[in-house]
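Each chain, letter by letter, is given below.
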Amino acid sequence: MLGLGILSGLLIVPLCGAAFLLTLNGDEATVARNSRWAALATTVVTFLLSLVAWSRYDTTSAAYQLVESHPWLTETIRFKLGVDGFSMPLVLLTTLLMPICIGASWVGIQTRLKEYFVAFLVLETMMIGVFVSLDLVVLYLFFEGTLIPMFLIVGIWGSKGRIYATFKFFFFTLFGSVLMLLGVIAMYWEAGTTDIPQLLQHRFPAHMQTWLWLAFFAAFAVKLPKWPLHTWLLDAHVEAPTAGSVILAGVLLKMGGYGFIRISLSMLPLACREFAPLVFALAICAIIFASVAAMMQTDIKKLVAYSSVAHMGFVTLGLFTMTEQGIQGAWFLMISHGLVSSALFLSVGVLYDRMHTREIAAYGGLVKRMPLYAVAMMVFTMANVGLPGTSGFIGEFLAMVGAFKANPHVAFFAVFGIILSACYALWVYARVVFGKLEKPSLRNIKDLDTREMLMLGPLVALIIYYGVHPGPILDTFAPSTDALMVSMKAALSNTQTAAAALPVPR
Amino acid sequence: MYHAIVFFPLIGALIAGLFGRLIGTKACEYITTSLLAFTALIAWGVFLDGGHAERVQVAHWFSAGDFTVDWAFKVDTLTRVMLVVVTTVSTLVHLYSIGYMEEDPHRPRFFAYLSLFTFAMLMLVTADNLVQMFFGWEGVGLASYLLIGFWYEKPSANAAAMKAFIVNRVGDFGFSLGIFLVFVLFGSVAFDGIFPKVDEVSKLTFHFLGYDWNAMTLACLLLFMGAMGKSAQFLLHTWLPDAMEGPTPVSALIHAATMVTAGVFMVARLSPLFEVAPNALIVVTVIGGITSFFAATIGLVQNDIKRVIAYSTCSQLGYMFVGLGVGAYATGVFHLFTHAFFKALLFLGAGSVIHAMHHEQDMRNMGGLRPYIPFTCAMMAIGSLALIGFPFTAGYYSKDAIIEAAYASTRPGHTLAFLCTVIAAFFTSFYSWRLFFLTFEGPARWGAHAAHAHQDAHHAVPAVAHSVAAHAADGPPGHTEGVAHDDRGHDLEPAHKSDVVADDHHGHGHHGDHTPHESPLVMTLPLAVLAFGALFAGLIFKDRFIGEGMEAFWGHALAHGPENHIMHEMHHVPALVAYSPLVMLTLGFVLAWWMYIKRPELPSALAAQQPVLYRFLLNKWYFDEIYDRIIVRPTKDFGIFCWRTLDIKIIDGYGPNAIASRVLDVARGAVRFQTGYLYHYAFVMLIGVAGLISWYMMSGLPKGTH
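All figures in this text were calculated on a predicted structure; none of them were measured in a lab. (Residues numbered from 1 in each chain as written. Chains lettered and ligands numbered in written order. Predicted model: local features only at pLDDT ≥ 70, side-chain atom pairs only at ≥ 80, totals over all residues. Heavy atoms only, no water.)

**Q** Looking at this structure, how should I read the overall build of chain B?
**A** A count of helices and strands for chain B gives 29 helices and four strands. Expressed as a percentage of its 706 residues, the buried residues of chain B come to 62%. Taking the contacts inside chain B whose residues are at least 6 apart along the sequence as the reference set, 80% of them involve residues at least 24 apart. When the accessible surface of chain B is summed, it comes to about 25100 Å², and 67% of that surface belongs to carbon and sulfur atoms. (Helix = DSSP H or I, 4+ residues; strand = E, 2+ residues; numbered from the N terminus. Buried < 20%, exposed > 50% of the residue type's maximum accessible area, 1.4 Å probe, protein only. Contact = heavy atoms within 4.5 Å. Areas by Shrake-Rupley, 256 points an atom, 1.4 Å probe, with all protein chains shown as cover.)

**Q** Explain the overall build of chain A here, please?
**A** Summing up its helical and strand segments, chain A has 20 helices and two strands in all. Oriented by its inertia axes, the alpha-carbon framework of chain A measures out at about 70 × 60 × 40 Å. If you take every contact in chain A between residues at least 6 apart in sequence, the share linking residues at least 24 apart comes to 82%. Between the centroid of the 31 positive side chains of chain A and the centroid of its 26 negative side chains there is a distance of 8 Å. (Lys, Arg positive; Asp, Glu negative; His and termini not counted. Charge placed at Lys NZ, Arg CZ, Asp CG, Glu CD.)

**Q** Got a minute to help me understand empty space enclosed by the protein in this structure?
**A** The rolling of a water-molecule-sized probe over the atoms marks out the regions of remaining empty space. Residue and element names in this part refer to chain A. Counting across every chain of the model gives twelve cavities of 30 Å³ or more. What the largest cavity holds in volume is close to 90 Å³. Every residue along the wall of the largest cavity is listed here: Ile-300, Leu-303, Val-304, Ser-307, Leu-344, Met-377, Thr-381, Asn-384, Ala-425 and Val-428. Counting residues per element, the ones that place at least two in the lining of the largest cavity are α13 (300-320), α16 (371-384) and α18 (408-432). Residues of the lining of the largest cavity, tallied by class, amount to seven nonpolar, three polar and no charged. (1 Å grid on protein atoms, 1.4 Å probe; cavity = no way out; pocket = protein on both sides within 12 Å on 5 of 7 lines; lining within 4 Å. Points joined across faces, edges and corners; volume = space filled by probe spheres on them. Nonpolar A, V, L, I, M, F, W, Y, C, P; charged D, E, K, R; others polar.)

**Q** I keep staring at the packing of aromatic side chains and nothing clicks. Help me out?
**A** Each aromatic ring pair is characterised by the separation of its centres together with the angle its planes make. Counted according to the given criterion, the structure contains 96 aromatic pairs over all chains. Taken together, a centroid distance of 6.1 Å and an interplanar angle of 15° make the contact between Phe-434 of chain A and Tyr-152 of chain B stacked. Highlighted residues: Phe-434 of chain A in the loop between α18 and α19 (450-468) and Tyr-152 of chain B in the loop between α5 (130-148) and α6 (155-186), drawn from two different chains. Phe-434 of chain A gets classed as buried once you look at its relative accessible area, which sits at 11%. With a centroid separation of 5.9 Å and 80° between ring planes, the pair formed by Trp-61 of chain B and Phe-135 of chain B is classed as edge-to-face. Of the two residues, Trp-61 of chain B is situated in strand β1 (residues 54-64) and Phe-135 of chain B in helix α5; the sequence distance between them amounts to 74 residues. Both residues of the pair, Trp-61 of chain B and Phe-135 of chain B, count as buried. The lysine or arginine in question, Arg-431 of chain A, covers the ring of Trp-427 of chain A, its NZ or CZ lying 3.9 Å from the ring centre. Here the basic side chain of Arg-644 of chain B rests over the ring of Trp-643 of chain B, its NZ or CZ set 4.2 Å away from the ring centre. (Phe/Tyr/Trp six-rings, centres within 6.5 Å; stacked < 30°, edge-to-face > 60°. Lys NZ or Arg CZ within 6 Å of the ring centre and 35° of its normal.)

**Q** Just checking my understanding: could you explain the interface of chain A and chain B for this structure?
**A** Often, the extent of an interface is quoted as the loss of accessible area on bringing the components together. At the junction of the two partners, chain A supplies 81 residues and chain B supplies 70 residues. The contact between chain A and chain B buries some 7000 Å² in all, and 76% of this surface belongs to carbon and sulfur atoms. Our enumeration of links across chain A and chain B arrives at three salt bridges. For Asp-652 of chain B, the salt bridge goes to Lys-168 of chain A, with nearest N and O atoms at 2.4 Å. Between the two partners, chain A and chain B, sit 13 residue pairs in polar contact (both at pLDDT 80 or more). With 16 residues, the top contributor of residues to the side of chain A that touches chain B is α18 of chain A. (Buried area = accessible area lost by both parts, 1.4 Å probe. Salt bridge = Lys/Arg side-chain N within 4 Å of Asp/Glu carboxyl O. Polar contact = N/O pair within 3.5 Å; in protein donor to acceptor, adjacent residues only side chain to side chain.)

**Q** Looking at this structure, I do not really get α18 of chain A. What am I missing?
**A** Residue pairs spaced three or four apart in an α-helix point in one direction, given the helix's 3.6 residues per turn. Residues and elements named next belong to chain A. Spanning 25 residues, α18 covers 37 Å between terminal C-alpha atoms, matching the ideal 36 Å at 1.5 Å per step. When you tally the buried positions in α18, you get 20 out of 25 residues, the bulk of the element. The opening residue of α18 is Asn-407, an N-cap whose side-chain oxygen sits 3.0 Å from the backbone nitrogen of His-409. (Expected span 1.5 Å × (residues − 1).)

**Q** What's the story with the environment of Phe-416 of chain A in this structure? I'm lost.
**A** Residues and elements named next belong to chain A. Relative to the elements of secondary structure, Phe-416 occurs in helix α18. For Phe-416, a relative accessible area of 28% translates into the label partly exposed. Counting along the chain gives 21 residues from Phe-416 to Gly-395, while the straight-line C-alpha distance between them is 16 Å.

**Q** How should I be thinking about the domain arrangement of chain B in this particular structure?
**A** Residue and element names in this part refer to chain B. Looking at the assigned domains, one finds that chain B contains domain 1 (2-171 + 181-441 + 519-596), domain 2 (620-672) and domain 3 (677-706). Computed from C-alpha coordinates alone, the two centres of domain 1 and domain 2 are separated by 45 Å. Contacts between the two partners involve eleven residues from domain 1, matched on the other side by five residues from domain 2. Summing the contributions of domain 1 and of domain 2, the shared interface buries around 700 Å²; its carbon and sulfur component is 64%. Summed over the shared surface of domain 1 and domain 2, the result is one salt bridge. (Domains from an automatic or database assignment.)

**Q** I would appreciate a short explanation of the side chain of Glu-360 of chain B in the present structure.
**A** Residue and element names in this part refer to chain B. Tracing the sequence through the fold places Glu-360 in the loop between α16 (329-356) and α17 (374-388). Looking at Glu-360, the relative accessible area reads 4%, which means it is buried. Separated by 3.1 Å, the side chains of Glu-360 and Asn-365 make a polar contact.

**Q** Looking at this structure, how should I read the environment of Gly-26 of chain A?
**A** Relative to the elements of secondary structure, Gly-26 of chain A occurs in the loop between α1 (6-23) and α2 (28-56). In this structure the C-alpha to C-alpha distance between Gly-26 of chain A and Trp-157 of chain A, which are 131 residues apart in sequence, comes to 22 Å.

**Q** What's the story with unusual backbone geometry in this structure? I'm lost.
**A** What you tend to see is this: most non-glycine residues have negative phi, and most peptide bonds are trans. Looking along the chain, the bond that leaves Leu-224 of chain A and enters Pro-225 of chain A is cis, with omega of -10°. Examined against the element boundaries, Pro-225 of chain A turns out to sit in the loop between α9 (206-223) and α10 (231-239). Residue Pro-228 of chain A is bonded to the preceding Trp-227 of chain A through a cis peptide linkage, with omega at 5°. Following the sequence through the fold, Pro-228 of chain A ends up in the loop between α9 and α10. Of note in this structure, Arg-112 of chain A is not a glycine but carries a positive phi near 45°. Secondary-structure assignment places Arg-112 of chain A in the loop between α3 (87-104) and α4 (113-132). Among the residues examined, Arg-112 of chain A registers a relative accessible area of 55% and is labelled exposed. Positioned with a positive phi, Ala-232 of chain B is a non-glycine residue whose angle comes to about 50°.

**Q** How do you make sense of the packing of α10 of chain A against α13 of chain A when you look at a structure like this?
**A** Pairs of packed helices are described in terms of their axes, by the angle between the two and the distance that separates them. Residue and element names in this part refer to chain A. Where α10 contacts α13, the two axes come as close as 9 Å, and the packing angle between them is 140°. Considered as vectors, α10 and α13 are oriented oblique to each other. In this structure, α10 crosses over α13, and the sense of that crossing is right-handed. Every residue of α13 that contacts α10 at Leu-233, Leu-234, His-237 and Val-238 is listed here: Lys-301, Lys-302, Ala-305, Tyr-306, Ser-308 and Val-309. Here the contact of α10 with α13 is composed, by residue class, of six nonpolar, two polar and two charged. (Axes fitted to C-alpha atoms, helices over the stretch in contact; angles between N-to-C directions. Parallel < 35°, antiparallel > 145°, perpendicular 65-115°, else oblique. Left-handed = near helix turned anticlockwise from the far one by under 90°.)

**Q** How should I be thinking about the pattern of salt bridges in this particular structure?
**A** Pairs may arise between side chains of opposite charge once their charged atoms sit close together. Residues and elements named next belong to chain B. Under the definition given, this model contains 28 salt bridges over all chains. Note that Glu-275 and Arg-411 form a salt bridge whose closest N and O atoms lie 3.6 Å from each other. Placement of the pair is Glu-275 in helix α13 (residues 271-275) and Arg-411 in the loop between α18 (394-408) and α19 (414-440), with a sequence separation of 136 residues. Between Lys-542 and Asp-543 there is a salt bridge, with its nearest N and O atoms 3.9 Å apart. Take Lys-542: its relative accessible area is 27%, and that puts it in the partly exposed class. Under the relative-accessibility criterion, Asp-543 is labelled partly exposed at 38%. A network of salt bridges, in which partner residues are shared, links Lys-163, Asp-242, Arg-307, Lys-620 and Asp-624.

**Q** What am I meant to see in helix α12 (residues 262-269) of chain B here?
**A** Here α12 of chain B lies mainly inside the structure; eight of its eight residues are buried. Within α12 of chain B, burial applies to Ala-262, Gly-263, Val-264, Phe-265, Met-266, Val-267, Ala-268 and Arg-269 of chain B.

**Q** Explain the confidence of the model for chain B here, please?
**A** Any residue range with low pLDDT should be treated as having predicted coordinates unsuitable for detailed reading. Residue and element names in this part refer to chain B. In the predicted model, chain B carries a mean pLDDT of 84, and the fraction of residues at 70 or more is 87%. Considering only residues more than four positions removed or in separate chains, one finds that residues 451-512, a stretch of pLDDT under 50, has 117 contacts. Two numbers describe this predicted complex: its pTM, 0.89, and its ipTM, 0.92. (pLDDT = per-residue confidence, 0-100.)

**Q** What is the right way to read the pairing of β1 of chain B from this model?
**A** Remark: a regular strand shows side chains that alternate across the two faces of the sheet. All names here are of chain B. In this structure, β1 lies alongside strand β2 (residues 67-75), joined through nine bridges in antiparallel fashion. Opposite Ala-59, over in β2, you have Trp-71 as the bridge partner. In this antiparallel pair of consecutive strands, β1 and β2, the connection spans two residues, and Gly-65 shows a positive phi of 60°. (Pairing = 2+ DSSP bridges.)

**Q** Would you mind showing me how to read the packing of α18 of chain B against helix α21 (residues 521-546) of chain B here?
**A** All names here are of chain B. At a minimum axis distance of 5 Å, the contact between α18 and α21 shows a crossing angle of 45°. By the angle between their directions, the pair α18 and α21 is classed as oblique. Note on element contacts: α21 touches α18 through Gly-533, Ala-534, Leu-535, Ala-537, Gly-538, Leu-539, Lys-542 and Ile-546, opposite Ala-394, Tyr-397 and Ala-401. Of the residues in the contact of α18 with α21, the class split is eight nonpolar, two polar and one charged.

Okay, here's the thing in C-alpha cells:
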C-alpha cells in the first residue's frame, strides 16, 4: 500500500488516531466519550496489526525482516525499518500495553482527556519507531521523540510533585541524549553510514569503541535506568498517572536495554568486555541497594519503582555476561518485566482510583472486600519475586546462570536479590491485602469491575503462560542471540586471544 | 499413569480455586479429596509393583544455548516412596480437614491450597532435573506461605507466613547457586546428564569467594543450604515453629510429613553427588546431629501443643540428615517414610485435641482429657510410642538404624552425631510423655477450672507469637516465679485463656464452659489409618528399605561409593549401642512420669531453680532475637540509608538538584524575562552542540575525514 510496509503501518495508525482525536469538538462530555473510544479503537487496531506482523515474522531466522527502506536525508541516512528477534517481541509488548493503558485512563483522567490520548498515541508511534528503526538517526529521533509526550503526560496529568519530577526526568534523559547524539555523529563520520546492518559489519577501532561506548552508555544507562542514575525514575513513577507509569516501566525503560543490545553489544563488543566489570558492579548495586530501599518505602508506587530498578539491574547483568543464557535471560526478563511491572502499576492504580492515596499505611485487609484483586495481586507479586511457574522466574534465573558462567562472584551478589525481593514484595502484600479490614474508609471499597478485569486478566494469563511455556518468546530471541554471539566472538578473538573470558573450573 | 498422579491434584486445585463459589463448598471438598484418594491408590499400586527407573517426558520447558530444561518425571524407587508418602498423607489430611475446617467460611480456598501444595510437592519429587525440582521447591513454598497465612486476619499468621517464605528463600539462595555451579561443571541440569559424569568432575576445583574449593564439595554444600532451609535445620529452622500459626491439618501435611522432608529427599536424590563429596557429608552429619539435639532441648519446655510437635519434627529431620550424612541414605529415607505416618498422626491427633478444646493450644489449659476423648488419646499414645521408638513400632526400626549407623560410621563427625542422637532420644521420650501427661492426665485445667483467668483475657498475647524480645529479656516487676515468659506464669500455672489463639475467625462463640468432645468420624478415620502405619510401617517395610531386600528394592536410586559399606557395618554394633535408644526412652518416660504425674510441683520448682537455662530453652535459644538484632534491623536501617541518604541526599543532592540550581542561576543571569522548561531544553542543547564542536575540534578527527 503506497509502497509502505506493515511496520510503517504500525507507525502511521496511531498518528492517524491522534489526528482524528484532534478534530473532535463539541461539548466536553461528548468529546471525552468519543476520544476514549477512538483512542481505544486505534490502539486495538495497532495491536491487531502488530499481530499480523508477528504472523509474517519468521522466528527461526536471525535476519532483519519486514524490512522497508525509504529515501530520506541522504543516500546513507535512509528511513529504514525492520525487525529482528530482539525487537519484534518489544513491538508486541508495546502494542499490547497501549490498549490496557487507555483502559487504565478511562475514568482516572478527568481533564483534557482529548489531549491526553493524543499524547499517548503519539508516544506509541515513537516507541514503536525506536524498536523498528534500522537507521541510527531515525532511531535517535524516535528515542528522543518519546521524551516529549512523556514529559507532557507527567507534567500535565501527574500528581502534586509533577513539576519537580518532570524536571528531573528531562534533566537526566537529556544528559544522556546529548552524549548519544555525539556518538551517532561520531559513528557516521567513522563508518560513513548510519545504516544499522552496515554498522554491524563495521569494526570500530578499539580506542574509539571506548569513547563511543561511554557516550551511548550514558543515554541507555539513564533510560534503563542504571544505578546511580535511577533517581529520576522514582519521582517520575510516583507522580505520573497510572497509564504513564505503565508505559514508563513497561516500555520506556526497555529502550535502554534495547540500546545496549542493538548498539553497545553488537557494534562495540571490545568496549563491552572492557567495561563489563563496571556494569556488573553497578548492576549489583542496583539489585541490592534498590531492593533494600524498596523494602522501607511507604508509598506503594515508589516501592514498585524501586523494584523496577532492581530488575533492570538483572537485565544489564545478563546482557553484559555476553553468554547465551545471560542475553536470552535478560531479554526474557525485559518482556516479563514489561508485563509484571505494568500489572503492578495497574494494580496500584486500581487502589488509587478508589482511595486517592498511595500510602501503604492507608490500606490493609483488602482481601476481605476485594478477593479478585487479591488473587491478581498475588500472581503479580509472585511474578515479581521470580517464583518458578511465572514469567519472572525464567528471565531472572537465566540471567543469573549467565552471570555465574561469566563471573561466579557477580552471581553470588546478584542472588541476594531473590531474598530481598521476597522481603519487600511479601511485606507490602501483607500490609495492603492481608490483615484486618479496620480502616473505616475501606469499608465500602469495591472489587475489580469489568473494565479492570479486562485490563488485568490478560496480564495474569500471560504471566503464568510464559512462566510455564516461555518457548514462543524465548525461541524468538534464540537465532538473533546466536548471531550476536557469533559476531561478538569473532570480534573479540580477532583482536585479542590472551584474555580468557570465562573462569573455567580448574 | 504418572501424569495422573501429578496432575490430578492440580485439577482439583483449579476446580476448587476457580469454581469454588460456583459449585459450592461441599463439592469442592469431595472433588479434591476423591481426586487425591484416587491419586494415592495409583501411587500405592506403582509403589508395590516396583519396577525399573524410568523417565517420562511431559513437555519442553525452556532452553537458552546449551541450558535446556524439560518438564519430565524421573521415577525410581526413591520417587515411588515419596509418591506414596505425599499422596497418602495428603489424602488423609484432605479427609480430616472436611471435619476440622467445618466452621470455616473459606473452605474452597483451603482445599484449593491443599491440592495445589500436593501438586507442587509431587512435581518436586518426580523432578527429572534440578530446575524442575526448584519449581516444586518454590511451589511448595508458595503453598506453605498461603496456608500458614490462611487466617489472614491474624497478624501473627501473616508474619509467620512471610517468615517461612523468606527464610526458605535464604536457603534457595544456596540452592540457586548450587544449580548454577552444577550447570557450569556438568553442562546439564538433568539428573541423567549429571550422574554419569560425576567421576570426571569430582576432581575439579573451583575458585569461589577466595578459596579453591573441591568443585563437588562446593556444589553439594550450596545445594545443602537449600535443604537446610526447607527442612528447617539448625540456623535456618526459625520458620518452622512459627509456621504452626496455620491450621493444624496444614501443619500435619506440610510441616511434618511432606514439605519439610524435601531437603532429605534432595540429598538422597543427589546421593551420587554427595557420595563423592565426603566433606559436604560431614557438614550434613554435623548439622543434622546438632539439629536433632538442639530442637529436642527446646521441645522440652514448650507449652503450645503444636510447638512441641514442631520442634520434635525439627529434631527428627536432624536424625534423617545424620542418616544421610554418614552415607546410610536408606536409613534416612526410611525414617522419612515412617516419620510421615507417626508425625502426621501426632499432628492430626493434636488437631483433634485442639478441636475438642475449641481451639485451645496451650497445654497448661488442658489436662485430664483422657475420659472425654479416649480415641484421640489412644491415637496420640500410638503416635508417641512410634516417635520415641518403642520396640516394634515404626520409629523403632528407622530411628535405631540411624543411631546405629551413626555409631558404625568412620567419617569425621559421626561421634558427635551419635551422641547428639542418643541424647535427643532421651529428650524425645521426655517431651513426648510430658505432652501426653499434660494433655490427657492429671487434673483438668480448663473450663470452669480455669475460669478465673478470663478477666485477664484482654492482656493476653498470642501464645504462639512470643518472639518479641522485650518480653523475654526480663520478667515484669513483681513476678515471683523467677521466670518470665510473655506475661504468663511459669510452666504449670494455668495460663490466661487466650482469645487470640481461639481464632476469632471461627466465631465459635463458646469460650465459656464446655465439655471436650470426640471428633467426628471423618477426622478419626484418618487417625486410625495413620495409627496403623505408625505401628506397622516399620515391621512391614524394614526388609525392603534397610534389610535383606534392600538392593533389589532400591535399584540404583541411592548411590553408594565403593568404600561405603555402612549399610552392612551398622548391623554389627556393640549391644550397648543397639540398646541405648531403648534405655533412653525408658529413662525419658520415667522422668516425665516422675515430674508430671508423681510430683507435679517439680517442674515449676526446677524452672525457678534454673531460671537462666529455662528461659534460654523457652525462648528457643534466642535465635529470633539474635537474627532480629544482627540481620533484620541492620537490613532495615540499610534500606533507610539507601533511600534517604544515598538516593535523596547524595545522588539527588549533588546531582540534578545541585546542577539545576546552578543552571537556574546562569539562566536567571542570562535572560531575566524568559523562564520555562522548553527554554532550558534549548539551553542544554546549545551546551551539547558546543560540546560536540569542541570534541570534534580537539579530537582532530584522526581518520575518516572527508
